[in-house]
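Tertiary structure, described
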2 protein chains.
Amino acid sequence: MNTLEKIQSNLSNFSKSERKVAEVILTSPQTAIHASIATLAKMADVSEPTVNRFCRRLDTKGFPDFKLHLAQSLANGTPYVSRHVDEDDGPDSYTNKIFESSMAALDTARQSVDPMAVNRAVDILTQAQHISFFGLGASSSVAHDAQNKFFRFNVPVTCFDDVLMMRMSCINATTGSVLVLFSHTGRTKAMVEVAKLARDNNAQVIAITAKDSPLAREATLAITVEVPEDTDMFIPMASRLAHLTVIDVLATGFTLRRGPRFRDSLKRVKEAIRESRFEKPSHI
Amino acid sequence: MNTLEKIQSNLSNFSKSERKVAEVILTSPQTAIHASIATLAKMADVSEPTVNRFCRRLDTKGFPDFKLHLAQSLANGTPYVSRHVDEDDGPDSYTNKIFESSMAALDTARQSVDPMAVNRAVDILTQAQHISFFGLGASSSVAHDAQNKFFRFNVPVTCFDDVLMMRMSCINATTGSVLVLFSHTGRTKAMVEVAKLARDNNAQVIAITAKDSPLAREATLAITVEVPEDTDMFIPMASRLAHLTVIDVLATGFTLRRGPRFRDSLKRVKEAIRESRFEKPSHI
DNA sequence: TCTTTAATGTAGTAAATTTACAAAAACAAT
DNA sequence: ATTGTTTTTGTAAATTTACTACATTAAAGA
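Residues numbered from 1 in each chain as written. Chains lettered and ligands numbered in written order. Predicted model: local features only at pLDDT ≥ 70, side-chain atom pairs only at ≥ 80, totals over all residues. Heavy atoms only, no water.

Describing the overall build of chain A
- Helix and strand counts for chain A stand at 14 helices and 5 strands.
- Per-residue burial for chain A yields a buried fraction of 54% across its 284 residues.
- When contacts within chain A are restricted to residue pairs at least 6 apart in sequence, those whose partners lie at least 24 apart make up 64%. (Helix = DSSP H or I, 4+ residues; strand = E, 2+ residues; numbered from the N terminus. Buried < 20%, exposed > 50% of the residue type's maximum accessible area, 1.4 Å probe, protein only. Contact = heavy atoms within 4.5 Å.)

See the structure below:
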């Protein structure tokens, strides 16, 4: 909830003096954010500590922190809030809502991803002799995307979206094999079994999945991603965007680890497909 | 202009030490607004007055005032600036940069997508007797994702990431066929030819691609998406996220058009895969 | 190489915020 | 009404924070 609204709704919970502070802030919030605690105290005709206590009552660290929160709530509207699509939303409305929800999801995901886990995953990937990407259902396209990306790195890669092929591939796994498993829930039985099978064959298993899930526990290394999935919609949407972005992060880490010479070869891959394209008009 | 963007664009005008401050703030603006001038100075490895001078250079009264502005810019408008990954970025830094760039890309994409085009695409899709999704290279996983999504709608769908199959499929196309082509550049020769072939066979062609591209011109309807693609990285990253989100938008429009009864069948699809999962501990 | 100018840091100062504690007010129970 | 208790509020000191003036260092130009 927006800070200004919070003050409004908590008005009855405040003490007499605190309410005076609230009144002053509600009357001219723009003045409040630029005032010092002394000025504001004088305006509300209370003591400075009262203002400070008022701030703490609103779950802020103190006066400066409170001003920060207030400033944000004054900056028209909260940015990317996951908003549910309504029955009677027009194209304009649902288009915006979906995009904003996606951005909000990425933001949540970003905060939940542990960079150290990313770093260790990059370690494992750079040392791999062979990388396999596995995903079922909605995650199969994620696995395909990963394959497409790492393929350009001139590393042996495969990708499966079929349980039987995954299992067969695990049987042939060796110490140099690295498997990357994608699963939003981390509870798909088949995937958990595949992870176990792979580890039994000494392969390294990186899971990109939910925190504290069976798959996360079964993997050598788990990059856990928290995504506020829209439960109204019966289709996973936000999770795959988050997973794809994790792929980008891993790919970036990979190229950074390999150094500048490696990037030249990427450039050549890109140039290889140039001929298949229509020239872009150069005068634009 | 948003403070964060202002820092980004003024980067060259700053002195060496000021740039260090800018880097720290851009890397984690959320940390910056909660830090004291001393903490920030230490993080950037500069002196406190340098931080202060940095603030003034951005037309603020001083450090606290700067934090207020920054807080506001994080709240409204575009908080996420597309930022390039540096050679010496640590895991923490590049993880954040990639996520933020992705969010910034989605924001740009959102502003460029025409909701009316979306609406017309939904019209066409709801009336389709058969839907095919085509994508090559990095777009093939996008097409797969679309297939997975629309498959749940109990509509006949196919998906190809192979030019020959695409062409064969076009030959058999009829008036009720709808093709959805994904291409970031809209300049892939093969795709443009496929679009032409399909239209010659009276199929409807929806292109999700770049504005004013050959493919956009060749299609019955184009949903044009503008994406600030990072040209340093020789791999398309942001574009596919934008295209996937467009799929979500189309899928949402589709379900809304079909009405509430339709959603029950989606629910059943979801329940069908429940058995394949480990139960989630209910006490959490 | 020397001079000039710009950039950066050090140390001290002023301001603002917070803490600890005491006074006052409100409330309850005798 | 009066006393004891709790809550609220304010005072004053301590601490943290930000800023200013000046010194030093680095860079640029002659």
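More follows now that the structure is in view.
Considerations on helix α8 (residues 115–127) of chain A
- In this model α8 of chain A runs 19 Å from its N-terminal to its C-terminal C-alpha over 13 residues, within 8% of the 18 Å that 1.5 Å per residue would give.
- Along α8 of chain A, the residues that are buried comprise P115, A117, V118, N119, A121, V122, I124, L125 and T126 of chain A. (Expected span 1.5 Å × (residues − 1).)

Considerations on the nonpolar core
- Counting 92 residues, the largest nonpolar core has F150 and L250 of chain A together with F150 and L250 of chain B as the members making the most contacts within it.
- Residue contacts for L250 of chain A: discarding those within four places in its chain leaves V118, A121, V122, L125, F150, I208 and I223 of chain A.
- If you look at the next biggest cluster of nonpolar residues, it comprises 47 residues, including A44, C55, L70 and A71 of chain A. (Core = buried A, V, L, I, M, F, W, Y, C linked by side-chain atoms within 4.5 Å.)

Brief notes about the packing of aromatic side chains
Residue and element names in this part refer to chain A.
- For the structure on display, the rule yields 16 aromatic pairs over all chains.
- An angle of 45 degrees between the planes, with centres 5.4 Å apart, marks the rings of F133 and F150 as tilted. On the criterion of sequence distance, the pair formed by F133 in strand β1 (residues 130–135) and F150 in helix α9 (residues 140–151) is long-range, its members being 17 residues apart. Both residues of the pair, F133 and F150, count as buried.
- The rings of F133, F150, F153, F182 and F254 are connected pair by pair, giving a single aromatic cluster. (Phe/Tyr/Trp six-rings, centres within 6.5 Å; stacked < 30°, edge-to-face > 60°.)

Overview of the sheet that holds strand β5 (residues 221–224) of chain B
Residues and elements named next belong to chain B.
- Taking strand neighbours across the sheet as the criterion, the 5 strands line up as β2-β1-β3-β4-β5 in an open arrangement whose pairing is parallel. Looking along the sheet, the strands with just one partner apiece sit at the ends: β2 (157–160) and β5. Here the average twist between neighbouring strands, direction ignored, is 15 degrees.
- In terms of strand pairing, strand β1 (residues 130–135) meets β2 through 4 bridges, oriented parallel. (Pairing = 2+ DSSP bridges. Axes fitted to C-alpha atoms, helices over the stretch in contact; angles between N-to-C directions.)

Observations concerning the protein's contact with DNA strand D
- Around DNA strand D, a shell composed of 18 residues is seen, among which S15 and S17 of chain A together with I37, N52 and R56 of chain B lie nearest.
- Looking at DNA strand D alone, sugar and phosphate atoms form 71% of those within 4 Å of the protein.
- Backbone polar atom of K16 of chain A to a phosphate oxygen of DNA strand D: 3.5 Å apart, as the coordinates give it.
- Within the side chain of R53 of chain A, a nitrogen or oxygen atom sits 3.0 Å from a base nitrogen of DNA strand D.
- Listing elements by their share of the surface near DNA strand D, those giving two or more residues are α2 (16–27) and α5 (48–57) of chain A together with α5 (48–57) and α6 (63–75) of chain B.
- Sorting elements by how many residues they give to the surface near DNA strand D places α5 of chain B first, with 4 residues.
- The residue makeup of the surface near DNA strand D, split by class, is 6 nonpolar, 7 polar and 5 charged. (Near = heavy atom within 4 Å. Polar contact = N/O pair within 3.5 Å; in protein donor to acceptor, adjacent residues only side chain to side chain. Nonpolar A, V, L, I, M, F, W, Y, C, P; charged D, E, K, R; others polar.)

Describing the pattern of salt bridges
- Throughout the structure, instances matching the rule amount to 22 salt bridges over all chains.
- Residues D107 of chain A and R110 of chain A are paired through a salt bridge, measuring 2.8 Å at the closest nitrogen-oxygen approach. Pair noted here: D107 of chain A and R110 of chain A are both in helix α7 (residues 91–112), with a separation of 3 residues, about one helical turn.
- D107 of chain A gets classed as buried once you look at its relative accessible area, which sits at 17%.
- One salt-bridge network, in which partners are shared between bridges, spans D145, K149 and D248 of chain A together with R240 of chain B. (Salt bridge = Lys/Arg side-chain N within 4 Å of Asp/Glu carboxyl O.)

So, the sheet that holds strand β3 (residues 177–182) of chain A
Residues and elements named next belong to chain A.
- Strand order in the open sheet made by the 5 strands is β2-β1-β3-β4-β5, with parallel pairing throughout. Each having just a single partner strand, β2 (157–160) and β5 (221–224) make up the two edges of the open sheet. Averaged over all pairs of adjacent strands, the angle between strand axes in this sheet comes to 15 degrees, irrespective of strand direction.
- Pairing geometry for strand β4 (residues 204–209) and β5, over 4 bridges, is parallel. Paired with I208 across the strands is I223, a residue of β5.
- Strands β1, β3, β4 and β5 of the sheet are contacted by α8, whose axis makes an angle of about 135 degrees with β5.

Here we look at the protein's contact with DNA strand C
- Residues in contact with DNA strand C amount to 19 residues; listed here are only the nearest, I37, N52 and R56 of chain A together with S15 and S17 of chain B.
- Of all DNA strand C atoms lying within 4 Å of any protein atom, the proportion belonging to sugar or phosphate reaches 71%.
- For DNA strand C, a phosphate oxygen lies 2.5 Å from a polar atom in the side chain of R56 of chain A.
- The backbone of K16 of chain B places a nitrogen or oxygen atom 3.5 Å from a phosphate oxygen of DNA strand C.
- Counting only elements with at least two residues in the surface near DNA strand C, the list comes to α4 (37–44), α5 and α6 (63–74) of chain A together with α2 (16–27) and α5 of chain B.
- For the surface near DNA strand C, the element with the most residues is α5 of chain A, which contributes 4 residues.
- A breakdown of the residues in the surface near DNA strand C according to their chemical character gives 7 nonpolar, 7 polar and 5 charged.

A look at the packing of α9 of chain A against helix α9 (residues 140–151) of chain B
- Look at α9 of chain A against α9 of chain B: their axes get within 8 Å of each other, and the N-to-C directions meet at 175 degrees. Relative to α9 of chain B, the element α9 of chain A lies roughly antiparallel. Along its contact with α9 of chain A, which presents S141, H144 and D145 of chain A, the element α9 of chain B presents S141, H144 and D145 of chain B.
- Tallied by class, residues from the contact of α9 of chain A with α9 of chain B come to no nonpolar, 4 polar and 2 charged. (Parallel < 35°, antiparallel > 145°, perpendicular 65-115°, else oblique.)

Side note on the packing of α8 of chain A against helix α13 (residues 238–258) of chain A
Residue and element names in this part refer to chain A.
- Their axes nearest at 9 Å, the elements α8 and α13 cross at an angle of 60 degrees. The orientation of α8 relative to α13 falls into the category oblique. Seen along the crossing, α8 lies across α13 with a hand that is right-handed. Of the residues in α13, those in contact with V118, N119, A121, V122, D123, L125 and T126 of α8 are V249, L250, G253, F254, R257 and R258. (Left-handed = near helix turned anticlockwise from the far one by under 90°.)

A few points about α5 of chain B
Residues and elements named next belong to chain B.
- Considered for burial, the residues of α5 that qualify are T50, V51, F54 and C55. One side of α5 holds all its buried residues, which, seen down the axis, span an arc of 145 degrees.
- Once α5 ends, the next one or two residues include D59, with phi positive near 60 degrees. (Arc of directions from axis to C-beta.)

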